[in-house]
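# Structural description and commentary
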Amino acid sequence: MGEVADFFRDKTLFVVGSTGFLGKVLIERILWQVPQVRRIVLLMRPHSAEDQETAVRLRAERAIFSCPIFKRLHARHGERFDGFVREKVKIVAGDLSCPDLGLDSHSLQVLGSEVDFIINLAASLHFHERLDLAVRLNTLGPRHLLNFAKRFPNPTLLHVSTCYVSGRRAGSIPEQVLEPDVSAFDLMGITSNERFRTESEIEKALEVAQSVESESRTPAARSEYRHAALAHLPSTRIADGHDRAAERKRQRWVHDVLSQEGLSRARRFGWVDTYTFTKALGEQLLVKSSDGVPIIILRPSAVESSLYQPEPGWIEGYKTTTPVTYGYGKGDLPDFPSRGEGVIDIIPVDFVASALLACLTTPPEGRNPRVFQVGSGSENPIRWNELMEYTEKYFREFPLQNGSGPIVLQPMKYRSAEEFDTWVGDRRRRLRIAHSLCDQLDFWPGAARLSQKVAVRQRHFKRLEYIARLYAGYTRLVCSFETNNTRRLFRSLQRQDQLDFFFDPTAIEWPTYIRQIQLPGVRRHVMTKAGDVS
Ligand SMILES: NC(=O)c1ccc[n+]([C@@H]2O[C@H](COP(=O)([O-])OP(=O)(O)OC[C@H]3O[C@@H](n4cnc5c(N)ncnc54)[C@H](OP(=O)(O)O)[C@@H]3O)[C@@H](O)[C@H]2O)c1
């Protein structure tokens, strides 16, 4: 047995965020490679009306242990699989965005007395999340875990953040903590009239949410939503139906105002979006309030399909580069608002899980958290135009289908922001003309179906435009994430541990990874699930 596996003998790990993409891979890896752990405790939201204990147990069975990546563990344990999981895994109902994690004091005490490592993977990764929700989870969540850790003598807290907390900074991004009260613009030397303060930003976010919520509940606002609901649902006789529709409109309005507020606060201080802004605030709070608790901050770049473990190509969710590569493969996104020369920093999910387990074996000394950035860009970069070139080759070989057969692709066109605006305007205009033609053809029996199709295309196009602009923001970043700590960590491992917990990005051959692993993985695990491609 290697040193890493041996290190975890009889240790208890408390994991928050186990139902997510990275979480499942991590739990599988622990049970597969370090089954000698004493226990893994998972904090999970119940998500259903059963009693909480039953609800989280059922969620874990469905969301985690029935997942295809547990295949090799099923094969190893056969009929004993359920017993093995019951012996090793304990599930508690809770919520990271609540103080004390939503646990009563007895559960907190029992849990804290047995935990050696606290691992936080939970987050909202929506780039444009409602500001208050993102702050409660991405910023205050880690501090709730820190407060939990402070009550007990032992635990080390490992918080998974993201390399992109560096915001719009250019150049080499060090593996260092983000000092509190320092904005991304401060680090770039850009002066601003407004002083950035971590804690007052958090207060402002929660205050603005409260005032927007109150504004949406005034009698005048309520009557406006009700009128709008009546206008949309004139035939609904049941008053309840109108009330519910009015409430949905109110919630939509609150959501839109607060997600816009998130973006504008983020951009005012040099971050790209609400996700990275609130993750940065979360790191700053940890640094500010650590009080000697050993903290590790692990920052992955963009996490993609596994390269080796538990199987090549495992991926979950329509995120990271998938909306762009598959948008292109479907022929919907032939143009991209970026020059394409920027590096897209991606890293396979199994590398992140391996690095996470390896860095727990070297807990930080001293007061400052240790930071590990896990990415590929500084040692083995791949550019957007290379990613899209391999993507094009893949889809030429294995084209997606539409109603009339295989989709034929043109090479992606990289446009300036202005050119892209013109292209978008043109596409929008054509769809509008098609829509009004359908209206004029209302004497023709097929007109209604055609009009519906055009409306779907319009919605679809709006979404693609949103995706292109969103991702273009990241492609324009000209930074490189230093990975010296992570590289040193890998080199310090024994030879066998390096093989078992592999995370050296120089080993990735991009054309092979993209064409034979990443894109087929998305097709197998994401697109077919969504019933989206043949
Ligand atoms: N994926 C990437 O490309 C990427 C890149 C860099 C960094 N990261 C970081 O890596 C971590 C994991 O990312 P991921 O891709 O695995 O995300 P994910 O698939 O979206 O999973 C998020 C997890 O957070 C949990 N969660 C959300 N709200 C919660 C709450 N209030 N209390 C407890 N748990 C809650 C979710 O549980 P439910 O099932 O209950 O919703 C889910 O398990 C995140 O911290 C993210 O910032 C990810």
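Each remark here, short or long, concerns the structure printed above.
What comes next is a walk through the structure. (Residues numbered from 1 in each chain as written. Predicted model: local features only at pLDDT ≥ 70, side-chain atom pairs only at ≥ 80, totals over all residues.)

Along the backbone of the chain there are 20 helices and 15 strands. Sequence separation of 24 or more characterises 80% of the internal contacts of the chain that already satisfy a separation of 6 or more. (Helix = DSSP H or I, 4+ residues; strand = E, 2+ residues; numbered from the N terminus. Contact = placed C-beta atoms within 7 Å.)

Right, let's get into the site of the ligand. In the vicinity of the ligand there are 25 residues, among which Gly-20, Leu-96, Ala-122, Ala-123 and Val-303 approach most closely. Those elements giving two or more residues to the shell around the ligand turn out to be helix 2 (21-33) and strand 8 (302-304). In terms of residues, the shell around the ligand owes the most to one element, helix 2, which gives three residues. Of the residues that constitute the shell around the ligand, the class distribution is 13 nonpolar, nine polar and three charged. (Near = placed C-beta within 6 Å. Nonpolar A, V, L, I, M, F, W, Y, C, P; charged D, E, K, R; others polar.)

Here the focus is the environment of Asp-82. Tracing the chain through its elements places Asp-82 in helix 5 (residues 81-88). Taking the C-alpha atoms as reference points, Asp-82 and Glu-61, separated by 21 residues in sequence, lie 9.5 Å from one another.

This part takes up the sheet that holds strand 1 (residues 12-16). The seven strands lie next to each other as 3-2-1-4-5-7-11, forming an open sheet whose pairing is parallel. What marks the edges here is a single partner per strand, and that holds for strand 3 (89-93) and strand 11 (370-374). Strand-to-strand twist across the sheet, computed as the mean angle between neighbouring axes with direction ignored, equals 20 degrees. Bridge analysis of strand 2 (residues 39-44) against strand 3 gives five bridges, and the strand direction is parallel. Of the residues in strand 3, the one forming a bridge with Leu-42 is Ile-91. Contacting strand 2 and strand 3, helix 3 (residues 52-65) crosses the sheet at an angle of about 130 degrees to strand 3. (Pairing = 2+ DSSP bridges. Axes fitted to C-alpha atoms, helices over the stretch in contact; angles between N-to-C directions.)

Glancing now at the packing of helix 15 (residues 384-397) against helix 20 (residues 510-527). Direction vectors running N to C along helix 15 and helix 20 enclose 55 degrees, while the axes themselves pass 9 Å from each other. Accordingly, the angle class assigned to the pair helix 15 and helix 20 is oblique. The chirality of how helix 15 crosses helix 20 is right-handed. Where helix 15 abuts helix 20, its residues Glu-386, Leu-387, Tyr-390, Thr-391, Lys-393 and Tyr-394 lie against Trp-510, Pro-511, Ile-514, Arg-515 and Leu-519. Classifying every residue of the contact of helix 15 with helix 20 gives seven nonpolar, one polar and three charged. (Parallel < 35°, antiparallel > 145°, perpendicular 65-115°, else oblique. Left-handed = near helix turned anticlockwise from the far one by under 90°.)

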